[in-house]
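Structure assessment
So you can see what is in the structure, the chains are spelled out below.
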Amino acid sequence: MTSVKLDDHSERALLDRLEQYYDAVPLSGARVERHGPLTLFVREGEGWPFYARPAREWSGSVSATDVTLVRARQRELGIPESFEWVAETSPALRPAVEESGLVIHEHPLMVLDEDAAIPERSEPSEGPSVRIMGPDDPALPSALAVPHLAFAEPGTGVGVAGLAELATAAATRAADGSVERAVSRMRAGLTAIAAAVEDGVALCAGQHQPVGAVSEIVGVGTLPAARRRGLGLAVTAALVADARSRGVKTVFLSAGDDDVARMYARIGFRRIGTALIADFPEKP
């Protein structure tokens, strides 16, 4: 996978809006620590830990020492050693991160243009119905659980995990505070969740997180045993429609890989760059 070359001023302006979003979205639940050319977001309270990323106003170089110092601070805080950034807007960070010993994962960064039509919500005549979930939706625990099962079996092919595994994962989410945290964010307008629900269980779900006129679609995942039914696209279309109904102009996402990116391209998303995620290499 290679970086996208940007020659158009409007494309660079769009990437700048995404950069502003990346800096703004953690602020609802995290404090900011500045470490030279890098910014570290430190979650306050329960929930998924945030990441480090380039400081927007920094114009100098970035070294492996800078990255190593932030990694030491992350270890001190007991949070994952992770960095997220866009290749095209911060090209100097990649060599520094690689030299520090972290592993980098590339993901196509895709946007649905402001003037693009809202994708049609093509739901099967039989089977799951797709809906935006309310905070009291009884299928919410399974909607929070199903993406975790999906990402544990990456790809687009039919996988192993099915309803039994989903029931176990949903029970865990119901017991560990995940549902309460999601409900709080939903009621505050920070997160919207869509799901394809069948027999009271979410077989596919995803979220978008609006900040002003920009929102990122995140965590769209289908139960591995229920793949190849168009559920991911239907959930994504529902999220786009909900975002637009909230006044969002720019909707974007990071695809898991090129195969997944081609799926999103079918409903109008186009690639604008490469999202990079760096983390500690897994032990063999």
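As a starting point, this report considers the structure included with it. Please read all numbers here as calculations on a predicted model, not as lab measurements.

1. Some details on the layout of surface pockets
Considering only enclosed or pocket space, the second largest pocket measures out at about 310 Å³ in volume. Around the second largest pocket, the lining comprises 16 residues; the ones closest to its centre are Pro 54, Ala 55, Trp 58, Thr 89 and Ser 90. Those elements that provide at least two residues to the lining of the second largest pocket are helix H1 (9-24) and strand E3 (52-54). When its residues are assigned to classes, the lining of the second largest pocket shows 9 nonpolar, 3 polar and 4 charged.

2. Considerations on the pairing of strand E11 (residues 270-279)
Relative to E11, strand E4 (residues 83-86) runs antiparallel, the two being bridged by 4 bridges. Bridge pairing in E11 places Glu 84 opposite Ile 277. Alignment of strand E5 (residues 103-112) against E11, held across 9 bridges, turns out to be antiparallel. Pairing of Glu 106 across the sheet is with Leu 276, part of E11.

3. Things to note about the pattern of salt bridges
Counting across every chain of the model gives 19 salt bridges. When the shortest N-O distance is used, the salt bridge between Glu 106 and Arg 94 registers 2.7 Å. Here the residue Glu 106 occupies a position in strand E5, and Arg 94 occupies one in helix H3 (residues 93-100), the gap between them amounting to 12 residues. On the accessibility criterion, Glu 106 (22% relative accessible area) is partly exposed. Relative accessible area serves as the criterion here: at 26%, Arg 94 is assigned to the partly exposed category. Asp 137 is the partner of Arg 131 in a salt bridge, and the nearest nitrogen-oxygen pair spans 2.8 Å. Taken together, the salt bridges that share partners define one network made up of Asp 16, Glu 19, Asp 23, Arg 53 and Arg 56.

Calculation notes
Residues numbered from 1 in each chain as written. Predicted model: local features only at pLDDT ≥ 70, side-chain atom pairs only at ≥ 80, totals over all residues. Heavy atoms only, no water. 1 Å grid on protein atoms, 1.4 Å probe; cavity = no way out; pocket = protein on both sides within 12 Å on 5 of 7 lines; lining within 4 Å. Points joined across faces, edges and corners; volume = space filled by probe spheres on them. Helix = DSSP H or I, 4+ residues; strand = E, 2+ residues; numbered from the N terminus. Nonpolar A, V, L, I, M, F, W, Y, C, P; charged D, E, K, R; others polar. Pairing = 2+ DSSP bridges. Salt bridge = Lys/Arg side-chain N within 4 Å of Asp/Glu carboxyl O. Buried < 20%, exposed > 50% of the residue type's maximum accessible area, 1.4 Å probe, protein only.

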